[in-house]
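Chain by chain, the residues run as shown.
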Amino acid sequence: MEGSIRFPHLGITLTNVVKSFQIGGLTIACYGVVLAVAMMTGLLLVMKVAKATGQKEDDYFDLGILAIAIAVVCARIYYVVFSWDYYSSHLAEIFNLRRGGLAIYGGVIGGVLTVLVYCHVRKRNTWRTLDTMSVGLVWGQALGRWGNFFNREAFGEYTDNLLAMQLPVSDVRASEITETMYAHMQTIDGIAYIQVHPTFLYESLWNLGVLTVLLLVTWRLHRKPREDGLPDRGNDGVVFLLYLLLYGLGRFWIEGLRTDQLILFGTGIPVSQALSGVLVILSLMLLICLRIRKKAGRKEKTE
C-alpha cells in the first residue's frame with residue numbers, strides 16, 4: 001500500500017509511514033521532528049559527558065544551543081551550494097527545509113567553527129571541548145539519519161542483500177531512481193516498488209558503533225584526574241580525531257552506494273566522499289603526531 005516501507009528479507013512491512021502530520025492545522029514534517037530530537041538528546045549526552053569528566057554542564061548547554069543553530073544554517077548552505085544547478089532556478093526552495101536538504105558535513109563544519117570561536121573568546125581548552133562535543137555529535141548523526149527514512153531519501157542503488165529496503169515508486173523523487181532500480185522494480189498488491197540499499201540505516205548503525213568507541217575512549221582517557229588532582233591534558237584531541245577518522249571511514253564507503261550524491265563541481269566526484277577521504281588521512285596523521293608527542297613527553301620526564 002501507499003506509504004509502506006518493506007524489508008522483504010527480514011519479513012518486515014511498515015505501513016502508513018507518514019512524511020508529515022497535522023497538529024491544529026499546522027503541518028509538521030517527521031524529518032524536522034527527528035532532527036530536533038536528535039539535536040536535543042545529543043546536547044543532553046554532551047552535558048552528561050562533561051559532568052563525568054569534571055567539566056561544567058552549563059557551559060556546554062550554552063555552547064550547544066549556539067552550535068546547533070549555526071550548524072543547521074551551515075548544513076543548508078553546504079547542500080544548496082553543491083546543488084546549485086537546481087536551486088539557481090528555484091530560489092524560493094532554498095528556504096524550504098520540509099523536503100530535507102541538510103548536508104551533515106556542512107553541519108559538522110559549522111559546529112566545529114563555532115567551537116573554535118567560542119573557545120577562543122572564552123579562553124577554554126579547544127581540544128577538550130571538541131572531544132566532549134563529538135560524542136553528542138555522532139549520537140545526533142545516528143538518530144538524525146532516521147529523518148531520511150521518513151523522507152524516503154538518502155538511499156543507495158539496487159541490492160538484494162539481507163537489509164534490502166523496498167519503497168513505493170510514488171513516494172520517491174523520480175530523479176533518484178536509476179535504470180537498475182527500474183529493471184528490478186516489483187509490483188506488490190498493485191503498488192510498484194524499487195529495492196535499494198538502506199544507506200541511512202547503514203550510517204545510523206555505523207555511527208552507533210563509533211559512539212560506543214568514543215564513549216569507551218572518553219571513559220578511559222578523561223574520567224580520572226592525575227594524581228595531583230588536575231585533569232590530564234595529554235590526551236586532549238584524541239576523541240575528536242577518532243570521531244573524524246571513524247566517521248570518515250564509514251561515510252567514505254556508504255557515500256559510494258548512494259544515488260543522491262552532491263557532486264564536486266565539474267569533477268563527477270561525490271563531495272562528501274572526497275571530504276571523508278581527506279578527513280581520514282588528516283585525522284590519522286594527527287593521531288600519530290599526538291602519540292609521538294606524548295611518548296616524547298614521557299621520555300623527558302624519566303630522564
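Residues numbered from 1 in each chain as written. Predicted model: local features only at pLDDT ≥ 70, side-chain atom pairs only at ≥ 80, totals over all residues. Heavy atoms only, no water.

Colleague: What's the story with unusual backbone geometry in this structure? I'm lost.
Modeller: For residues other than glycine, phi is negative in most cases, and the peptide bonds are mostly trans. The backbone of Arg-152 sits at a positive phi, close to 55 degrees, despite the residue not being glycine. Tracing the backbone shows Arg-152 in the loop between helix H6 (146–151) and strand E5 (165–168). Its relative accessible area of 3% is what places Arg-152 among the buried residues. Its identity is not glycine, yet Asp-189 carries a phi of approximately 55 degrees, on the positive side. If you trace the backbone, Asp-189 turns up in the loop between strand E6 (186–188) and strand E7 (191–196). (Helix = DSSP H or I, 4+ residues; strand = E, 2+ residues; numbered from the N terminus. Buried < 20%, exposed > 50% of the residue type's maximum accessible area, 1.4 Å probe, protein only.)

Colleague: Honestly, a nonpolar patch on the surface in this entry has me stumped. Any pointers?
Modeller: Where nonpolar side chains cluster on the molecular surface, the patch consists of Val-18, Phe-21, Ile-23, Val-33 and Val-37 and spans about 370 Å² of accessible area. For the nonpolar patch, the secondary-structure elements that each account for two or more residues are strand E3 (20–23) and helix H1 (30–52). Residue placement: Phe-21 occurs in strand E3. (Patch = residues over 30% accessible without salt bridge, like charges linked within 9 Å, V, L, I, M, F, W, Y side chains within 5 Å. Areas by Shrake-Rupley, 256 points an atom, 1.4 Å probe, with all protein chains shown as cover. Salt bridge = Lys/Arg side-chain N within 4 Å of Asp/Glu carboxyl O.)

Colleague: So what exactly am I meant to see when it comes to the packing of helix H4 (residues 104–122) against helix H9 (residues 238–255) here?
Modeller: A pair of packed helices is captured by two measures, namely the crossing angle of their axes and the spacing between those axes. Packing of H4 against H9 brings their axes to within 13 Å, and their N-to-C directions diverge by 170 degrees. As summarised for this structure, H4 and H9 are arranged roughly antiparallel, according to the angle between their axes. Across the interface between the two elements, Ile-104, Tyr-105, Val-108 and Val-112 from H4 touch Phe-240, Tyr-243, Tyr-247, Gly-248 and Arg-251 from H9. Of the residues assigned to the contact of H4 with H9, the class counts are seven nonpolar, one polar and one charged. (Axes fitted to C-alpha atoms, helices over the stretch in contact; angles between N-to-C directions. Parallel < 35°, antiparallel > 145°, perpendicular 65-115°, else oblique. Contact = heavy atoms within 4.5 Å. Nonpolar A, V, L, I, M, F, W, Y, C, P; charged D, E, K, R; others polar.)

Colleague: Honestly, helix H2 (residues 57–81) in this entry has me stumped. Any pointers?
Modeller: Side chains three or four residues apart in an α-helix point the same way, a direct result of the helix having 3.6 residues per turn. Taking 1.5 Å per residue as the helical rise, H2 with its 25 residues ought to reach 36 Å, and the 35 Å between its terminal C-alpha atoms agrees with that figure. Restricting attention to buried positions, one finds in H2 the residues Tyr-60, Leu-63, Gly-64, Ala-67, Ala-71, Ala-75, Arg-76, Tyr-78 and Val-80. (Expected span 1.5 Å × (residues − 1).)

Colleague: Sorry, what's going on with the pattern of salt bridges here?
Modeller: Note that side chains of opposite charge can pair when their charged atoms are close. Enumeration over the complete set of coordinates arrives at eight salt bridges. We note a salt bridge from Glu-153 to Arg-173, for which the minimum N-O separation is 3.1 Å. Of the two residues, Glu-153 sits in the loop between H6 and E5 while Arg-173 sits in the loop between E5 and helix H7 (179–183), which places them 20 residues apart along the sequence. On the accessibility criterion, Arg-173 (27% relative accessible area) is partly exposed. One network of salt bridges, with partners in common, ties together Arg-145, Glu-203, Arg-251, Glu-255 and Arg-258.

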